[in-house]
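Residue strings, one per chain:
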Amino acid sequence: MSTLLLKSASILVTMDDKRREIPHGGMLVRDNVIEAVGPMEELPQEADRVIDLTGHILLPGLINTHHHLYQTLTRAVPAAQDAALFDWLNTLYPIWTGLTSEAIYVSTLVGTAELLRSGCTTSSDHLYLYPHDARLDDQIRAVQEIGIRFHALRGSMSLGKSKGGLPPDKAVEDEDVILRDSSRLIETYHDPDPYAMLRIALAPCSPFSVTPRLMRQSAELAREHGVHLHSHLAETLDEQDFCVSKFGMRPVALAEDLGWLGGDVWHAHCVHLNDDEIELFARTGTGVAHCPSSNMRLASGIAPIRKMLDAGVRVSVAVDGSASNDGSHMLAEVRQAMLLQRVMANPDSLSAREALEMATRGGAAVLGRDDIGQLSPGKAADCIAINLNRLAYAGSLHDPVAAIVFCAPQNVDLVLVNGRLVVSHGRVSTLEMGPIIERHNSIARRLAG
């Protein structure tokens, strides 16, 4: 068994049950598990490997609960730059139907590298298009190579335009094929054990791209196997109008009718929830992935996060797809979450520490995990360190914890995932990124025509 000592951090943010922030703190890791956290004078001074974090802040790794990694291939597409969700999707669906196995693999490497460098140690991804030879297995191979902890979501679309849905018919799959592949992926890859690096969840895409039958059968299959459920919900008023017109009810009522509320469910966006629906989420334990930049980019609205937190809803932070955010920077998203709640004229509606908690403990709770999201003994050794002695933080060190949220978002200097060093001195250490970026840009050019 090997040991690692991270020593002498200027401040160590635990996010433990007492929310301790420890000056001159350190952490002892044995293999992939945290053994001790505290002031340096209370810790062993030696280990198999020692990393000096003088001048750094040490925090739990950030947890991204909603993404579409393939969209790194279609950032800033001109025709989609100024569109709301439905028009944006209709512009990009035809491009995305050109995805291949290679495109999924390479875009996953690029997106997760970006996430890691921004402080993310655990991510989920919602892959719901499978044209040509594309499979979720391609994404899984990539994340195992780069070394990020991952929840792979078997997304799906089955309701094409000819049957009243939004996506073109060539972008959807047969529902029996979807369910068979969902079973295969769970049986092949899902790891329910503590410290798991890979878990599977089922994720029919949205009320306007799947049928109620697929939603119900996916929920039954997930609960039979003990895996989680995820979907988009209440993102835009167009979606709300679609649900009322087609199903005679608002999106949340539809989700409740289909069995899509509960402690094993989390939904992305939830921008247009009323007070009763927020209370329903709290009562049922349903989680939320808050995607502030994407909601701003697509003019979807401002999710009522303060009301959700006050009601006891489990809320996390997510970057969303890289074509509706155009970036995969988790620390930037934490900052955006804080600022977006304040824009409604309440300057204390969300604090820097609350935003960080949403991206750590909140993310762990939404994903149904009690082994990540904080730095305390027995938790997985997932952490990030940021050098505070840089231009962006000059004059802000009265409160370094708040500074990393209030000040311009920075890339981190060190990332440890499951006890493994995957970012060192700000560089991804598990892969050579130069050739991957070149390959990614070539695929993006080919896709966009």
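Here, every reference points to the structure presented above.
Here the structure is a predicted model, which means the values were calculated and not measured. (Residues numbered from 1 in each chain as written. Predicted model: local features only at pLDDT ≥ 70, side-chain atom pairs only at ≥ 80, totals over all residues. Heavy atoms only, no water.)

Caption draft 1: Structural view of the packing of aromatic side chains. Considering all chains together, one arrives at seven aromatic pairs under this definition. Ring geometry for Y70 versus Y128: centroids 6.0 Å apart, planes at 85°, classification edge-to-face. One end of the pair, Y70, is in the loop between strand 6 (62-64) and helix 1 (85-96); the other, Y128, is in the loop between strand 7 (120-127) and helix 3 (136-146), with 58 residues separating them in the sequence. Measuring from centroid to centroid gives 5.6 Å for W88 and W96, while their planes differ by 75°, and the two rings are edge-to-face. Over the aromatic face of Y105 sits the side chain of R141, whose NZ or CZ is 3.9 Å from the ring centroid. Geometry around Y130 places R154 over its ring, the cationic atom sitting 4.1 Å from the centre. (Phe/Tyr/Trp six-rings, centres within 6.5 Å; stacked < 30°, edge-to-face > 60°. Helix = DSSP H or I, 4+ residues; strand = E, 2+ residues; numbered from the N terminus. Lys NZ or Arg CZ within 6 Å of the ring centre and 35° of its normal.)

Caption draft 2: Focus on the pairing of strand 8 (residues 149-156). A large share of strand 8 lies buried, amounting to eight of its eight residues. Where burial is concerned, the two faces of strand 8 agree: the one with R149, H151, L153 and G155 and the one with F150, A152, R154 and S156 are both buried. Bridge analysis of strand 7 against strand 8 gives six bridges, and the strand direction is parallel. Note that in strand 8 the partner of S124 across the bridge is H151. One ladder, built from seven bridges, connects strand 8 with strand 9 (residues 198-204); its direction is parallel. Pairing of L153 across the sheet is with A201, part of strand 9. With helix 4 (residues 175-189) bridging strand 8 and the parallel strand 9, this β-α-β connection has right-handed handedness. (Buried < 20%, exposed > 50% of the residue type's maximum accessible area, 1.4 Å probe, protein only. Pairing = 2+ DSSP bridges. Right-handed = clockwise from strand over helix to strand, strands pointing away.)

Caption draft 3: A look at the sheet that holds strand 13 (residues 314-317). Overall, parallel pairing links the eight strands, which are arranged 6-7-8-9-10-11-12-13 in an open sheet. Strands with a single pairing partner mark the edges of an open sheet, and in this sheet they are strand 6 and strand 13. Adjacent strand axes in the sheet meet at a mean angle of 20°, parallel and antiparallel pairs treated alike. Sheet strands in contact with helix 11 (residues 330-342) are strand 6, strand 7, strand 12 (287-290) and strand 13, and its direction is about 80° off that of strand 6. (Axes fitted to C-alpha atoms, helices over the stretch in contact; angles between N-to-C directions. Contact = heavy atoms within 4.5 Å.)

Caption draft 4: The arrangement of the pairing of strand 2 (residues 21-30) in detail. When strand 1 (residues 3-13) meets strand 2, the two strands line up antiparallel, connected through eight bridges. Its bridge partner being in strand 2, L4 is matched across the sheet by V29. With six bridges joining them, strand 2 and strand 3 (residues 33-39) adopt antiparallel strand pairing. Directly across from G26, in strand 3, lies its bridge partner G38. As consecutive antiparallel partners, strand 2 and strand 3 are separated by two residues, and within that stretch D31 has a phi angle of approximately 55°, a positive value.

Caption draft 5: Quick peek at the pattern of salt bridges. In total, this model carries 27 salt bridges according to the counting rule given. One salt bridge connects R297 with D326, and the closest N-O pair in it is separated by 2.8 Å. On the criterion of sequence distance, the pair formed by R297 in helix 9 (residues 292-297) and D326 in the loop between strand 13 and helix 11 is long-range, its members being 29 residues apart. Between D310 and R306 there is a salt bridge whose closest N-O contact spans 3.1 Å. With D310 and R306 both in helix 10 (residues 305-311) and four residues apart, this pair spans about one turn of that helix. Each of R135, D137, R154, E173, D181 and R184 takes part in one network of salt bridges that share partners. (Salt bridge = Lys/Arg side-chain N within 4 Å of Asp/Glu carboxyl O.)

Caption draft 6: Seen up close, helix 5 (residues 212-225). Taking 1.5 Å per residue as the helical rise, helix 5 with its 14 residues ought to reach 20 Å, and the 20 Å between its terminal C-alpha atoms agrees with that figure. When we look at burial in helix 5, the residues that qualify are L214, M215, S218, A219, L221 and A222. Down the axis of helix 5, the buried side of the element spans an arc of 170°, and every buried residue falls inside it. Facing away from the buried side of helix 5 by over 90 degrees, the exposed positions are E220 and E224. Those residues of helix 5 hidden inside the fold are in contact with strand 8, helix 4, strand 9 and strand 10 (228-233). (Expected span 1.5 Å × (residues − 1). Arc of directions from axis to C-beta.)

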